[in-house]
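Secondary and tertiary structure notes
Listed below, chain by chain, are the residues.
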Amino acid sequence: MGVSPGRPVNTDFSSPDEAQLAAAICPVNAILAQGKSALVDPGKCVHCLRCRWGIPTPMNWDAGYEWARPSAGNGEGATFPASFSKSLHIMVVDAGDCGACLHEVKQLNNPLYNMHRLGFFFTATPRAADLLLVVGPVSENMRGALQKSWEAMPSTRRVMAVGSCAISGGVFGRSFMCAGGVGSVLPVNFEVPGNPPPPLAILHGLLMATGRKPATKSEPVAEGRS
Amino acid sequence: MGACSSSMEERGRTTLNDVAAAIEGRFGNDISRTPASHGCALTYSLTKPSSLPAVCRSLFWDCGCLLGGIIAEEQPGRWQMHYVFLLLLSGWIDVVLTLPIETTTVPSIVAEVHAADWHEREIEDLFGIRFENHPRLGDFVLHDQIWHEGIDPMRRNFSASPAQLGKQLDLEWQPLLVVGDPGSFAMPVGPVYTGGLGESLHFLLETVGEDVIRAIPRLFYNYRAVEKIAEGRTVPDALLLAERFAATSAFAHSLAFCQAVERIHSVEVSARAALLRVLFCELERLRQHVAAISAICDSTALAVPAAQTSIITEQLLRASGILAGHRYLFGLNVPGGLSRDFKTEECRKLLASADEAERELRVLEKRLRYSSSFLDRLEDVGVVKGANARDLNLVGPIGRASGQHCDLRKACPYSGYERLTFEVPCETEGDGYARLRILFAEAAQSVRLMHQAVDALEPGPVRIPCEGNHPGAALGWAEAPRGATLHWVSIDEKGLVERYHAITPSFNNWLGFFMAAENFAFQDFPIILATWGLSATECDR
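Residues numbered from 1 in each chain as written. Chains lettered and ligands numbered in written order. Predicted model: local features only at pLDDT ≥ 70, side-chain atom pairs only at ≥ 80, totals over all residues. Heavy atoms only, no water.

So, about the overall build of chain A. The number of helices and strands found in chain A is six helices and 13 strands. The C-alpha atoms of chain A give a radius of gyration of 18 Å, which matches the 17 Å a tight globule of 226 residues would have. Each of the three principal axes of chain A carries a C-alpha extent, and together these read 55 × 40 × 30 Å. For chain A, the proportion of its 226 residues judged to be buried stands at 62%. Residue pairs in contact within chain A that sit at least 24 positions apart in sequence constitute 78% of those at least 6 positions apart. When the accessible area of chain A is evaluated, it comes to approximately 8,300 Å², of which 51% is carbon and sulfur surface. In chain A, the 19 positive side-chain charges and the 16 negative ones have mean positions that sit 5 Å from each other. (Helix = DSSP H or I, 4+ residues; strand = E, 2+ residues; numbered from the N terminus. Rg over C-alpha atoms; globule rule 2.2 N^0.38 Å. Buried < 20%, exposed > 50% of the residue type's maximum accessible area, 1.4 Å probe, protein only. Contact = heavy atoms within 4.5 Å. Areas by Shrake-Rupley, 256 points an atom, 1.4 Å probe, with all protein chains shown as cover. Lys, Arg positive; Asp, Glu negative; His and termini not counted. Charge placed at Lys NZ, Arg CZ, Asp CG, Glu CD.)

Moving on, we come to the interface of chain A and chain B. With 52 residues of chain A at the contact, the number on the chain B side is 62 residues. Of the roughly 4,600 Å² buried at the junction of chain A and chain B (both faces included), carbon and sulfur atoms supply 63%. Considering only the side of chain A, the residues that lose the most area to chain B are Trp53, Asn141 and Phe176 of chain A, jointly responsible for 18% of the buried surface there. Its salt-bridge partner being glutamate 104 of chain A, residue arginine 327 of chain B comes within 2.6 Å of it at the nearest N-O pair. Our count for the chain A to chain B interface comes out at 23 residue pairs in polar contact (both at pLDDT 80 or more). Those elements that provide at least two residues to the side of chain A that touches chain B are helix H2 (50–53), strand S7 (88–94), helix H3 (100–107), helix H4 (140–151) and strand S11 (174–175) of chain A. Classifying every residue of the side of chain A that touches chain B by side-chain character gives 32 nonpolar, 13 polar and seven charged. (Buried area = accessible area lost by both parts, 1.4 Å probe. Salt bridge = Lys/Arg side-chain N within 4 Å of Asp/Glu carboxyl O. Polar contact = N/O pair within 3.5 Å; in protein donor to acceptor, adjacent residues only side chain to side chain. Nonpolar A, V, L, I, M, F, W, Y, C, P; charged D, E, K, R; others polar.)

Residues and elements named next belong to chain A. Considered domain by domain, chain A is made up of domain 1 (7–62) and domain 2 (69–209). Relative placement of domain 1 and domain 2: their C-alpha centres are 27 Å apart. Taken together, the contacts link eight residues of domain 1 with nine residues of domain 2. At the boundary of domain 1 with domain 2, total buried surface from both sides reaches about 570 Å², with 54% on carbon and sulfur atoms. Linking domain 1 to domain 2 there are zero salt bridges. The interface formed by domain 1 and domain 2 includes two residue pairs in polar contact (both at pLDDT 80 or more). (Domains from an automatic or database assignment.)

Here we take up the state of the cysteines. By definition, a disulfide links the sulfur atoms of two cysteine residues through a covalent bond. In this structure the tally under the stated criterion is zero disulfides over all chains. With no disulfide of its own, cysteine 406 of chain B lies closest to cysteine 412 of chain B among cysteine sulfurs, the gap being 9.3 Å. Cysteine cysteine 539 of chain B shares no disulfide, and the gap to the nearest cysteine sulfur, in cysteine 98 of chain A, comes to 15 Å. For cysteine 539 of chain B, a relative accessible area of 0% gives the class buried. (Disulfide = S-S within 2.5 Å.)

Looking now at the sheet that holds strand S10 (residues 158–162) of chain A. Residue and element names in this part refer to chain A. Spatially, the six strands line up as an open sheet ordered S6-S13-S10-S9-S7-S8, and their pairing is mixed. At either end of the open sheet lies a strand with only one pairing partner, and these are strand S6 (69–70) and strand S8 (120–122). Of the strand pairs in this sheet, S6 and strand S13 (residues 190–192) are connected by two bridges, and their pairing is antiparallel. Within S13, the residue paired with proline 70 across the bridge is phenylalanine 190. Against the sheet, H4 contacts S7, strand S9 (131–135) and S10, and its axis sits at roughly 165° relative to S7. Strands S6, S7, S8, S9, S10 and S13 of the sheet are contacted by helix H6 (residues 199–209), whose axis makes an angle of about 165° with S13. (Pairing = 2+ DSSP bridges. Axes fitted to C-alpha atoms, helices over the stretch in contact; angles between N-to-C directions.)

Residues and elements named next belong to chain B. Per the domain assignment, the segments of chain B are domain 1 (8–132), domain 2 (185–210) and domain 3 (226–540). Taken together, the contacts link eight residues of domain 2 with 10 residues of domain 3. Taken together, both faces of the contact between domain 2 and domain 3 bury some 700 Å²; the carbon and sulfur share is 71%. Taken as a group, Glu199, Phe203 and Leu205 account for 57% of the area that domain 2 buries against domain 3, more than any other trio of residues on that side. Counting every contact that joins domain 2 to domain 3 gives zero salt bridges. Applying the counting rule to domain 2 against domain 3 returns three residue pairs in polar contact (both at pLDDT 80 or more).

With that settled, consider the nonpolar core. Core analysis: the largest hydrophobic core is formed by 203 residues, its most contacted members being Tyr83, Phe203, Phe280, Tyr500 and Trp510 of chain B. In terms of residue count, helix H8 (residues 271–299) of chain B provides more of this core than any other element does, 13 residues in total. Ignoring anything within four residues of it in the chain, the contact list for tryptophan 510 of chain B reads Trp118, Leu201, Phe203, Pro217, Leu219, Leu529, Leu534, Ser535, Ala536 and Cys539 of chain B. Listed in part, the 33 residues of the second largest apolar core include Phe122, Leu131, Val162 and Leu206 of chain A. (Core = buried A, V, L, I, M, F, W, Y, C linked by side-chain atoms within 4.5 Å.)

Let us now look at the side chain of glutamine 259 of chain B. Residue and element names in this part refer to chain B. When you line up the elements, glutamine 259 lands in helix H7 (residues 250–264). For glutamine 259, a relative accessible area of 8% gives the class buried. The residues touching glutamine 259, leaving out its near neighbours within four places in the chain, are Arg277, Tyr414, Ser415, Gly476 and Trp477.

This paragraph deals with the packing of aromatic side chains. Residue and element names in this part refer to chain B. In this structure the tally under the stated criterion is 20 aromatic pairs over all chains. Between phenylalanine 257 and tyrosine 500, the ring centres sit 5.3 Å apart and the planes meet at 90°, which makes this aromatic pair edge-to-face. With phenylalanine 257 in helix H7 and tyrosine 500 in strand S15 (residues 497–503), this residue pair connects regions lying 243 residues apart in the sequence. On the accessibility criterion, phenylalanine 257 (0% relative accessible area) is buried. An angle of 65° between the planes, with centres 5.9 Å apart, marks the rings of tyrosine 417 and phenylalanine 422 as edge-to-face. The class of tyrosine 417 is buried, set by a relative accessible area of 1%. Overall, the relative accessible area of 5% leaves phenylalanine 422 in the buried class. Here the basic side chain of arginine 437 rests over the ring of tyrosine 433, its NZ or CZ set 4.5 Å away from the ring centre. Taking the ring centre of phenylalanine 507 as reference, the NZ or CZ of arginine 541 above it sits at 5.2 Å. (Phe/Tyr/Trp six-rings, centres within 6.5 Å; stacked < 30°, edge-to-face > 60°. Lys NZ or Arg CZ within 6 Å of the ring centre and 35° of its normal.)

Here you go:
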């Protein structure tokens, strides 16, 4: 309990009006009303909980954490070769993060998650890194450092965008100071949606990147309406 | 616990009337008192700009006020600059300087009030107003190797939309070196270091060998122009930004923002909402302090306590997730109260988690106090003397570890803190160990406050309507885990945000960091950083 905050998922309402209400209350246009259904784009959701507590009929809630997915552009066939599956070195870059995603990534090292047991290691140098894990929407002042980190990595490199800001820009969007996501700077292979995604969702992403979890979208765990 | 040279109560004996008499007696011809507004207790309008430094000096040094910050606002046809000071136990004092829009130069107060340094540098970089006689303007928020001087993003006519305007990567750019001794060199650290698990910021360690002479931080790598993109947004949309620019203190910042909006609307939240806000504020402080303690243990390579505290942190995050639906307490604060109500038994479960955390912390503190190898690395490391902490206006646990006995929960109470019983610990040594003791003591006080808040809960609404068109501006404030945060919100007649300015504790304290990082051994650097526990993203916004 409390391991995952959960997230809204596609919901069939009893009337189109309810679906419209859900779409209207979303501040980042992550919910699209289609007839009686409301469809969620998890890469945009900023977890404001307004579609859970702010409308009379709340959206359905997924209490799970298997949220990672291959990226639409460069996700195809990006799974690491088998030789990486028990030893993956990860370099993290904070590209304008608010501190939440970074804090959740750090939690992976605590004894409750202990990612070492799964063969995942943080490394301080891009030369030894296989995976570039980026948090934050890419601020203009960090763009250069992010690019240099990626360029210094060996050619088997993959990029994982962690958090809605890294995927879509989140609440910061695109501006003169924000690239609106890692995708506009580097080729992103994997995405872990969430604002922030809990440590288990990030771990799911790492397992998926090394081919130890299927790279297909997993069915959400239905908790029903709460 | 070392006694502080002057406690809040002692310093709070100066009343608003004393300050008014002193200021009006001395500057009667240059200033005029206007009706107190924006949530301030005393407002002055300055008619003679050249006397600004003297007025500020008088408030900061003679009257013993603290500096809240400087807020610049471009209004149609004029500049308005608010110099905000805090008189302990009495409230905020606002000195307003109104200038025609053509004005390009303002007298700098930095020679009188050193703590104003970064406030003026930020305004110069973002608005293009020059401060006369400021020793160092230029490269600050907008990094000089990317942005040309002359770009003023906070001006009204600057569009926040994506643009390549004036950007040109200057590969030849070099930071300014202070140490010029023969044989000295500068070691750059960051912005990506420790495998990226630290926030993005850059240090220039100036050294002649083993010992580092000074460490100069360069920030704003995470600058996302939150204040600029908030302009023109509705209040609920701007609230998302206030909550998300620094997630480790999201609740305190969103609370300060909401309180500013509530002040504009003249709305007072219900007693129940105020108590629940106290509950979440203290939960956030407890969690953040435990995380800070964990980082200190980690910096000294004390693996077991670092792991133990990281487990407590995770358990508090889970308790937050269970109760509030978000591990970092997003989505709770709304103008007018809270977005939802909580059952008392749910809150009691949270208290059980907090009690368990406190028990574990008490055991841990005792063990750490008897680990001489650990204490050796903290004592006399990164020392900031009380006089320096006063000079540079350090806030929060760092200020309180250096004898700056100030906490907004008592110095300028909000959300009903004046009705609750708690202590504000204070130490005088100003070293790493004093800061660690403050963190432990404050974490215990937070648990005490959480209990009081839940015990005092009475049935009632948690949300009072706070909508409609009420143009105006106001301050909102809160004691965030890292110290005082002050938010200025201005709303136009359409209900859209006109100006938003967040003065954060990390912004305040990074200015003083260099004092703790002078003439130290290189291996102490991570420890000094960890005992300061500052956030780059909270500073950058």
